[in-house]
Amino acid sequence: MFGRAYFKRLKRIVIGAPRNPLASQHREGMLLVAFLAWVGLGADGLSSANYGPEESFLALMGYNHLALYLAVATAITVFIICLGYIQVIELFPQGGGGYRIASVLLGPKAGLVSGSALIVNFMLTIAISIASGVDALFSLLPVEWQPWKLPVEIVITLALLVANLRGIKEVVLVLMPIFLGFLVTHGGLIVVGMSMHADRLPGLVPETITETRNLVSAIGLPAMLAVVLQAFALGGGTYTGIEAVSNNVHMLKEPRVRSARWTMAYMATSLAFTAGGLIILYLLWSVVPEHGRTLNAATFRLILEQLLGADSPALPVVMLMTLAFAAGLLFVAANTGFLGGPAVLANMAADRWVPHQFSQFSNRLVTQNGVLMMGLSAVGVLILTGGQVSIIVVLYSINVFISFTLSFAGLLVHWLAELRHGRPRIGRLLLAILGTVVTGGILGVTVYTKFTQGAWMTILITGLVIGLCLMIRQYYEEHRRQMAKVDALFAATAPGGPVDKPPPLDPKKPTAVFLIGANTGSGMHTLLTARKLFGDRFKNYIFLRVGEIDSSSFRSEDALKQLEEEVKASLDQFVNYCQRRGMAAAGYYRLGADVMAELTQLADKVLAEYPDCVYLASKLLFQRENLVTRLLHNQTALAMQRELHMRGVPMLILPMKV
């Protein structure tokens with residue numbers, strides 16, 4: 001007992017005190033204004049400026065003046081994707097992003113592919129961001145410290161995991177100074193670097209045209225286009241994270257759509273400026289790759305040496321600060337995986353592609369099962385790859401473009417349908433066409449060029465996730481059909497309306513207390529079995545139910561009211577059934593995120609009023625009981641039986657075979 005109490009105290013210290021999901025101030029306190037959402041959700045895309053532009057520039061194979069095309073194409077692509085996802089948010093203001101739009105507009109199977117791709121992508125987001133950030137930090141340390149990189153990566157991942165178990169806003173507020181520091185240092189260096197070579201800016205366009213003509217003459221137009229397109233596609237990692245806002249609209253302050261638009265505007269502007277600006281800097285400063293140093297670091301050193309002087313004592317300080325903020329932003333970006341991944345899992349759980357537990361809240365109002373899965377999976381990736389960015393990066397950018405392409409395809413289908421129904425939105429239709437072509441093209445080129453380098457592994461992993469989700473969905477569908485048969489079996493015994501003069505309750509007499517779930521047939525089975533076993537021994541029939549507040553019901557006041565009405569209606573069914581048969585009955589309910597805690601409080605309340613009581617519940621029995629059935633169904637009845645038995649209160653579990 002001491003051990004359990006000690007564990008609870010430790011958990012409260014680490015995770016924090018429970019929150020009341022029905023308190024509006026807690027819900028409002030967890031919601032993010034556009035600026036905080038930009039910090040919490042936009043860091044993933046912005047952090048990719050640490051490696052996306054560099055990868056594109058190096059892929060030009062020395063034809064550096066073609067970088068001007070890359071800078072323009074990168075900025076335009078950022079705005080195309082952001083504008084597309086604003087449409088996604090407007091169509092689905094309750095959230096769900098790429099998964100929801102693919103599910104609704106292209107069908108459940110397309111949604112499954114999109115959701116599975118996003119799950120793997122967010123897991124890899126955490127791994128690559130932390131690995132890249134630690135690489136940046138360790139590049140400032142002696143070489144003999146290198147063996148400590150992997151342990152540090154694991155510790156940072158676990159620290160972010162714990163921080164996210166505490167809550168969303170806490171993480172964002174802690175990481176905000178890092179985010180702003182990155183913007184100031186990198187944005188400042190981009191502006192200063194361009195201004196120091198302002199005399200070269202007017203000549204960039206004619207120089208690029210001349211270089212293009214020379215290259216076309218030397219290798220031909222198709223080969224030149226192939227170079228540009230491959231370089232453009234290999235910078236696909238630049239755009240990861242843009243979809244995070246649409247996945248997490250429910251985290252935004254009302255009016256959500258307006259907050260989302262501003263968040264996307266901040267994200268598009270900052271990412272287009274940073275990524276495009278860095279490519280222009282590489283070109284203006286004629287940067288060449290250096291062993292052990294990123295192109296960003298090499299570029300910034302050239303700028304600072306000319307600005308401060310090569311021997312200035314301020315030079316290493318400014319470089320250290322700049323690279324530290326770059327590493328810090330990568331850690332902020334890793335946190336996007338802890339926000340986006342659980343959100344996708346929660347949406348898929350509502351559609352029964354993954355276990356229902358992924359939509360459940362902890363007492364801190366966090367989808368902790370999703371947070372744990374994302375964090376522990378990222379730790380597994382780091383261990384398996386040794387934390388080497390060169391290995392992780394080939395797995396990374398493909399899945400997000402699967403989701404991008406499906407999202408734009410869904411928008412295309414939607415606006416074509418609107419056109420057929422006489423509601424043309426030509427501008428939006430053209431954007432959907434352009435977005436589908438651009439994102440689909442990047443996806444195709446990336447898969448083709450990186451397939452043998454490890455892209456096949458990403459496709460295999462995503463395929464395995466899809467297969468597992470299909471099996472889970474099939475299992476839940478079979479279970480739903482079986483429970484529908486049970487409901488139909490007891491439909492004949494369904495009660496009518498309330499009676500005018502219900503039998504009075506007598507707290508001194510024997511009382512049967514039933515723990516009722518969402519399924520009416522299961523509850524009726526428990527009641528009728530108890531009547532068969534005990535006859536008329538019980539004089540009072542009390543029904544308890546907890547309405548579980550999960551990620552879906554927590555999103556709005558209306559959803560909570562609907563949940564409460566459903567819970568009250570289900571209890572009324574059982575109370576009316578008993579009263580119409582001359583049995584004294586009453587129902588008690590609570591709403592909460594922690595079903596066990598709420599049921600325990602209800603049980604204590606009933607026990608205080610009806611001391612001579614026995615608790616009863618049903619448990620589904622499967623012909624093939626195994627780990628899978630235990631994972632896909634909660635074990636509330638067994639947990640409550642143990643809790644009550646520890647208090648010396650009798651509880652019976654009546655088996656129900658399905």
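Residues numbered from 1 in each chain as written. Predicted model: local features only at pLDDT ≥ 70, side-chain atom pairs only at ≥ 80, totals over all residues. Heavy atoms only, no water.

Trainee: Got a minute to help me understand the overall build of the protein in this structure?
Mentor: Each helix and strand in the protein was counted, giving 25 helices and five strands. Per-residue burial for the protein yields a buried fraction of 54% across its 658 residues. Long-range pairs, those at least 24 residues apart, make up 81% of the contacts in the protein between residues at least 6 apart in sequence. (Helix = DSSP H or I, 4+ residues; strand = E, 2+ residues; numbered from the N terminus. Buried < 20%, exposed > 50% of the residue type's maximum accessible area, 1.4 Å probe, protein only. Contact = heavy atoms within 4.5 Å.)

Trainee: Can you walk me through unusual backbone geometry in this structure?
Mentor: Both trends apply: most residues other than glycine have a negative phi, and most peptide bonds are in trans. At Ser286, a residue that is not glycine, the phi angle is positive and equals roughly 50°. You can see Ser286 is positioned in the loop between α13 (256–284) and α14 (295–308). Even without a glycine there, the phi angle at Arg352 is positive, about 65°. Tracing the chain through its elements places Arg352 in the loop between α15 (314–350) and α16 (368–385).

Trainee: Explanation requested: the packing of aromatic side chains in the structure shown.
Mentor: Evaluation of the coordinates by the stated rule reveals nine aromatic pairs. Summarising the aromatic geometry, the rings of Tyr475 and Tyr476 are spaced 6.2 Å apart at their centres and angled 65° between planes, so their arrangement reads as edge-to-face. Judged by its relative accessible area of 22%, Tyr475 is partly exposed. Chaining the aromatic ring pairs together yields one cluster made of Phe514, Tyr541, Phe543 and Phe574. Arg473 extends its terminal NZ or CZ atom over the ring of Trp353, reaching a point 4.3 Å from the ring centre. (Phe/Tyr/Trp six-rings, centres within 6.5 Å; stacked < 30°, edge-to-face > 60°. Lys NZ or Arg CZ within 6 Å of the ring centre and 35° of its normal.)

Trainee: Explain the pattern of salt bridges to me, please; I cannot follow it from the model alone.
Mentor: A pair can form between side chains of opposite charge whenever their charged atoms are brought close. Taken as a whole and judged by the stated rule, the model has 14 salt bridges. The shortest N-O distance in the salt bridge between Arg261 and Glu90 comes to 3.1 Å. Here the residue Arg261 occupies a position in helix α13, and Glu90 occupies one in helix α5 (residues 67–91), the gap between them amounting to 171 residues. Take Arg261: its relative accessible area is 40%, and that puts it in the partly exposed class. Looking at Glu90, the relative accessible area reads 25%, which means it is partly exposed. Two residues, Arg531 and Asp536, come together in a salt bridge whose shortest N-O distance is 3.3 Å. Arg531 sits in the partly exposed class, given a relative accessible area of 30%. A relative accessible area of 55% places Asp536 in the exposed class. Via salt bridges that share partners, Arg352, Arg473, Glu477 and Arg480 belong to a single interconnected network. (Salt bridge = Lys/Arg side-chain N within 4 Å of Asp/Glu carboxyl O.)

Trainee: What is the right way to look at the environment of Val575 in this model?
Mentor: Tracing the backbone shows Val575 in helix α22 (residues 557–579). The class of Val575 is buried, set by a relative accessible area of 9%. Apart from residues lying up to four places away in sequence, Val575 is in contact with Phe543, Ala585, Ala586 and Gly587.

Trainee: I tried to follow the nonpolar core on my own but got confused; where do I start?
Mentor: One recurring pattern in soluble globular proteins: nonpolar side chains tend to sit buried together. Among the nonpolar cores identified, the biggest contains 88 residues, and Leu60, Tyr239, Ile242, Met264 and Phe404 are the most heavily contacted of them. Here this core gets 14 residues from one element, more than from any other, and that element is α13. Discounting residues that sit within four places of it in the chain, Met264 has contacts with Cys82, Tyr85, Ile86, Ile89, Ile242 and Val245. The next biggest cluster of nonpolar side chains, apart from the first, holds 41 residues, and it includes Tyr99, Leu124, Met374 and Leu395. (Core = buried A, V, L, I, M, F, W, Y, C linked by side-chain atoms within 4.5 Å.)

Trainee: Can you walk me through the side chain of Thr636 in this structure?
Mentor: Mapping Thr636 onto the fold places it in helix α25 (residues 636–646). Since its relative accessible area comes to 19%, Thr636 is described here as buried. When sequence neighbours within four positions are dropped, the list of residues in contact with Thr636 reads Val595, Met596 and Leu599.

Trainee: When you look at α16 in this model, what are you seeing that I'm missing?
Mentor: Given 3.6 residues to a turn, an α-helix orients residues that are three or four positions apart in the same direction. Helix length check: α16, at 18 residues, gives a terminal C-alpha distance of 26 Å against a target of 26 Å (1.5 Å per residue), a fit within 8%. When we look at burial in α16, the residues that qualify are Gly370, Val371, Met374, Gly375, Ala378, Val379, Val381, Leu382 and Thr385. Take α16 and look down its axis: the buried residues cluster within an arc of 165°, on one side only. The outward face of α16, more than 90 degrees from its buried face, is lined by the exposed residues Leu376 and Leu384. With its phi angle positive at about 70°, Gly386 sits one or two positions after the end of α16. (Expected span 1.5 Å × (residues − 1). Arc of directions from axis to C-beta.)

Trainee: Please clarify how the environment of Phe574 should be interpreted in this entry.
Mentor: Mapping Phe574 onto the fold places it in helix α22. In this structure the C-alpha to C-alpha distance between Phe574 and Gly523, which are 51 residues apart in sequence, comes to 8.2 Å. Not counting residues within four places of it along the chain, the set of residues in contact with Phe574 comprises Ile516, Thr520, Gly523, Met524 and Phe543.

Trainee: Help me understand the confidence of the model for the protein in this model?
Mentor: Residues shown with low pLDDT carry predicted positions that ought not to be read at fine detail. Taken residue by residue, the protein gives an average pLDDT of 82. The fraction at 70 or more is 84%. No element of the protein has a lower mean pLDDT than helix α2 (residues 24–30), which averages 45, and none a higher one than strand β1 (residues 511–515), which averages 95. (pLDDT = per-residue confidence, 0-100.)

Trainee: Sorry if this is basic, but what is going on with the pairing of β1 here?
Mentor: Successive side chains on a regular strand alternate, one facing one side of the sheet and the next facing the other. Taken across its five residues, β1 has five buried, putting it largely inside the fold. Every second residue of β1 is oriented toward a common face, with Thr511, Val513 and Leu515 on one face and Ala512 and Phe514 on the other, all of them buried. Bridge analysis of β1 against strand β2 (residues 540–548) gives five bridges, and the strand direction is parallel. Bridge pairing links Leu515 to Leu544 in β2. Traced from β1 through helix α21 (residues 520–534) to β2, the parallel crossover comes out right-handed. Relative to strand β4 (residues 613–621), β1 is paired through four bridges, and the arrangement is parallel. Residue pairing for β4: Val513 is matched across the bridge by Tyr615. (Pairing = 2+ DSSP bridges. Right-handed = clockwise from strand over helix to strand, strands pointing away.)

Trainee: Explanation requested: helix α23 (residues 595–609) in the structure shown.
Mentor: The end-to-end C-alpha distance of α23, which contains 15 residues, comes to 21 Å, matching closely the 21 Å that a straight helix rising 1.5 Å per residue would cover. Every buried residue of α23 is listed here: Glu598, Leu599, Thr600, Leu602, Ala603 and Val606. The secondary structure elements touched by the buried residues of α23 are β1, β2, β3 (584–592), β4 and α25.

Trainee: Would you mind going over a nonpolar patch on the surface with me for this structure?
Mentor: A surface patch of nonpolar side chains, about 620 Å² in accessible area, is lined by Phe451, Trp456, Met457, Ile459, Leu460, Ile461 and Leu464. Assignment of secondary structure puts Leu460 in helix α20 (residues 455–489). (Patch = residues over 30% accessible without salt bridge, like charges linked within 9 Å, V, L, I, M, F, W, Y side chains within 5 Å. Areas by Shrake-Rupley, 256 points an atom, 1.4 Å probe, with all protein chains shown as cover.)

Trainee: Honestly, the packing of helix α6 (residues 97–105) against helix α7 (residues 108–138) in this entry has me stumped. Any pointers?
Mentor: A pair of packed helices can be characterised by two numbers: the angle between their axes and the separation between those axes. The geometry of α6 relative to α7 is characterised by a closest axis approach of 6 Å and an angle of 165° between their N-to-C directions. Between α6 and α7, the crossing angle belongs to the class labelled roughly antiparallel. Crossing geometry of α6 relative to α7 is assigned as right-handed. Contact residues: Gly98, Tyr99, Ala102 and Ser103 in α6; Pro108, Ala110, Gly111, Leu112, Ser114, Gly115 and Leu118 in α7. (Axes fitted to C-alpha atoms, helices over the stretch in contact; angles between N-to-C directions. Parallel < 35°, antiparallel > 145°, perpendicular 65-115°, else oblique. Left-handed = near helix turned anticlockwise from the far one by under 90°.)

Trainee: How do you make sense of the environment of Met267 when you look at a structure like this?
Mentor: Examined against the element boundaries, Met267 turns out to sit in helix α13. When the C-alpha positions of Met267 and Ala43 are compared, they lie 8.4 Å apart, and in sequence the two are 224 residues distant.

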